[in-house]
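One-letter residues, chain by chain:
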Amino acid sequence: MFRQKTDWVKKGDDISKNLTHCDRKQLLNHSGKRKASLNVLTSWLAPIIWDGHYDLKILNEQQDSRIGLFVFAVKKYIQFLGPFLESAEHFFMVGHNVTYYVFTDKVGYVVRPTIGDGRNLQLHEITADIRWQDVSMQRMEILTIITKEQLPNEIDYLVCADVDMVFNDFMGVEILGDLFATLHPGFILDYPQAFSYERRKISAAYIPYGEGDFYYMAALYGGKVEEIHKLSTACQNGIKEDKKKNIEAVWQEESHLNRYLIYNKPTKVLSPEYLWDTRLPNSEFITKRRFLAVHKNHEEVRN
Ligand code: 4GW
Ligand code: MN
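So, here is what we can say about the structure in this document. (Residues numbered from 1 in each chain as written. Chains lettered and ligands numbered in written order. Predicted model: local features only at pLDDT ≥ 70, side-chain atom pairs only at ≥ 80, totals over all residues. Heavy atoms only, no water.)

## Some words on empty space enclosed by the protein
Piece 1. As enumerated under the stated definition, the model contains two cavities of 30 Å³ or more in all.
Piece 2. Approximately 60 Å³ is the volume attributed to the largest cavity.
Piece 3. Lining the largest cavity are Phe70, Arg139, Met140, Cys160, Ala161, Ala218, Tyr221 and Glu253.
Piece 4. Of all elements in the fold, only helix H4 (132-149), strand S5 (157-161) and strand S8 (216-224) reach the threshold of two or more residues within the lining of the largest cavity.
Piece 5. By residue class, the composition of the lining of the largest cavity is six nonpolar, no polar and two charged.
Piece 6. In this structure, the second largest cavity occupies an estimated 40 Å³ of space.
Piece 7. Taken together, Arg34, Ser37, Leu183, His184, Phe187, Ile188, Phe195, Phe214 and Tyr215 form the lining of the second largest cavity.
Piece 8. Broken down by class, the residue content of the lining of the second largest cavity amounts to six nonpolar, two polar and one charged. (1 Å grid on protein atoms, 1.4 Å probe; cavity = no way out; pocket = protein on both sides within 12 Å on 5 of 7 lines; lining within 4 Å. Points joined across faces, edges and corners; volume = space filled by probe spheres on them. Helix = DSSP H or I, 4+ residues; strand = E, 2+ residues; numbered from the N terminus. Nonpolar A, V, L, I, M, F, W, Y, C, P; charged D, E, K, R; others polar.)

So, in C-alpha cells, the structure goes:
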C-alpha cells in the first residue's frame, strides 16, 4: 500500500528548516540567476557542503585528526578575539583535538577563555603592518612560514578564519578535506562575470572574463597543512610581485586566493551556511548560520 505523504513528515518537523537539495533550487525561480552554488556538487565533482547531506556521526567516527584554527587579531581587531574564541569553544570541531593559533600585537590584552579538554591555545606575538591592506595580506606571509616550520609537526588540518566573526552553530569535520574554501555569501546567485575578481592584467591575481567557478571569501578556508603551504606561498608570491610593480589587487589577498583556487580546485566547497551576514539578501536559501560576520563600526575599527 502506498503510504500517505503526511506519514513521511514527523509531527513537529519544520520542513522549511530542512530544505533538501531540490527544495533549495526550487526556491530559485527568478531567471537570470545562477544555480551552481545551490548544488551539492561542483563541476569537478567536489562536494558543496550543505546541511542534511551527510551524517556527522559517521564522519566523526572516521576522523581522528588534529585541527588548527589560525586567526589574526591585531590593532583594534583585538576586540573581536574574545567572542570569536568563546563561540569556537561552543561550536568549532566539538569533540576533536583543536589548537588555536592566535597572532596578535596585543598579547597583554588577550583574555584567555576557558578551553575544553583536548584543546589548546597558542598565542604568537607579531608586529602589525602599518596599512590595513597590508595587515590583511600579512596573514599569507605568516602562513607560509608556520605551515613549513611549525605546523607539520603539530596538526593535520588548518582552518584559516577572519576574527570579526562568531560561531553561531556547529562547524565540524564535515568541512575537512585536502583543500577547502567557502562561497562568498554576497555572490551566491551571480554569474562569474559579476565576480569581483582582479581584472587588471598587470596584477598577479588577474583572472580573465570567462574563467572562474565561484567567488570565494578569504574569511574561511583551509586544508591539509601541506596544501595551505602551497596556497599561501603562491598567494604571497603574487602579493610580492604586485608590490614590486607598486600595485595591489582589488581585494588584496582574497583576489590572490581566488586566482589560486581556479587553477588548484578545492576538494570541498563550503556553502554560505559557513559564512553568513544577517544583512544579506537571499537568506531563504540558508537554513543554518554557522559562522556570522560581526556588524562592526568601520570608523571605529579603522587603524
Ligand atoms: C580597515 O581599517 C581595516 S583594519 C581593515 C582590516 C583591518 C584589520 C584586519 C586589522 O586592523 N586587524 C586585523 O587583525 N585584521 C585581520 O584581517 C582580522 O583577522 C580580520 O578579520 C582580517 C580581514 O580583515 P577584515 O575582517 O576587516 O576584512 P573583511 O572586511 O573582508 O571582513
Ligand atoms: Mn572580516
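## As for the nonpolar core
Piece 1. With 44 residues, the main nonpolar core has Phe70, Leu143, Leu158, Tyr221 and Leu231 as its most contacted residues.
Piece 2. Contributing elements (two or more residues each) for this core: strand S2 (66-72), strand S3 (97-104), H4, S5, strand S7 (179-183), S8, helix H5 (225-244) and helix H6 (252-263).
Piece 3. Here the element with the most residues in this core is H4; it accounts for six residues.
Piece 4. Apart from the residues lying within four places of it in its own chain, the contact partners of Tyr221 are Met140, Leu143, Leu158, Val159, Cys160, Phe180, Ala181, Ile228, Leu231 and Leu257.
Piece 5. Among the nonpolar cores identified, the runner-up in size contains 36 residues, and Val102, Val110, Tyr157 and Val159 belong to it. (Core = buried A, V, L, I, M, F, W, Y, C linked by side-chain atoms within 4.5 Å. Buried < 20%, exposed > 50% of the residue type's maximum accessible area, 1.4 Å probe, protein only. Contact = heavy atoms within 4.5 Å.)

## Some remarks on the packing of aromatic side chains
Piece 1. Taken as a whole and judged by the stated rule, the model has 16 aromatic pairs.
Piece 2. Between Tyr197 and Tyr215, the aromatic rings sit 5.8 Å apart at their centres with planes inclined by 40°, giving tilted as the arrangement. Placement of Tyr197 in the loop between S7 and S8 and of Tyr215 in the loop between S7 and S8 is noted, with a sequence separation of 18 residues between them.
Piece 3. Members of the aromatic cluster, joined through ring pairs, are Phe84, Phe92, Phe167 and Phe291.
Piece 4. Of note, Arg199 hangs over the ring of Tyr209, and the distance from its end group to the ring centre comes to 3.8 Å.
Piece 5. Its guanidinium or amino end placed over the ring of Trp44, Lys265 lies 5.1 Å from that ring's centre, counting from NZ or CZ. (Phe/Tyr/Trp six-rings, centres within 6.5 Å; stacked < 30°, edge-to-face > 60°. Lys NZ or Arg CZ within 6 Å of the ring centre and 35° of its normal.)

## Overview of the pattern of salt bridges
Piece 1. Tallied over the entire structure, the rule returns 19 salt bridges.
Piece 2. A salt bridge links Glu253 to Arg139; its shortest N-O distance comes to 2.6 Å. Placement of Glu253 in helix H6 and of Arg139 in helix H4 is noted, with a sequence separation of 114 residues between them. As far as burial versus exposure is concerned, Glu253 and Arg139 are alike and both buried.
Piece 3. Among the salt bridges present, the one from Asp178 reaches Lys224, with a minimum N-O distance of 3.2 Å. With Asp178 in the loop between strand S6 (165-167) and S7 and Lys224 in strand S8, the pair connects residues that are 46 residues apart, well separated along the chain.
Piece 4. In this structure Lys224 comes out as partly exposed when scored by relative accessible area, which is 32%.
Piece 5. Connected via shared salt-bridge partners are Arg131, Asp134, Lys243 and Glu248. (Salt bridge = Lys/Arg side-chain N within 4 Å of Asp/Glu carboxyl O.)

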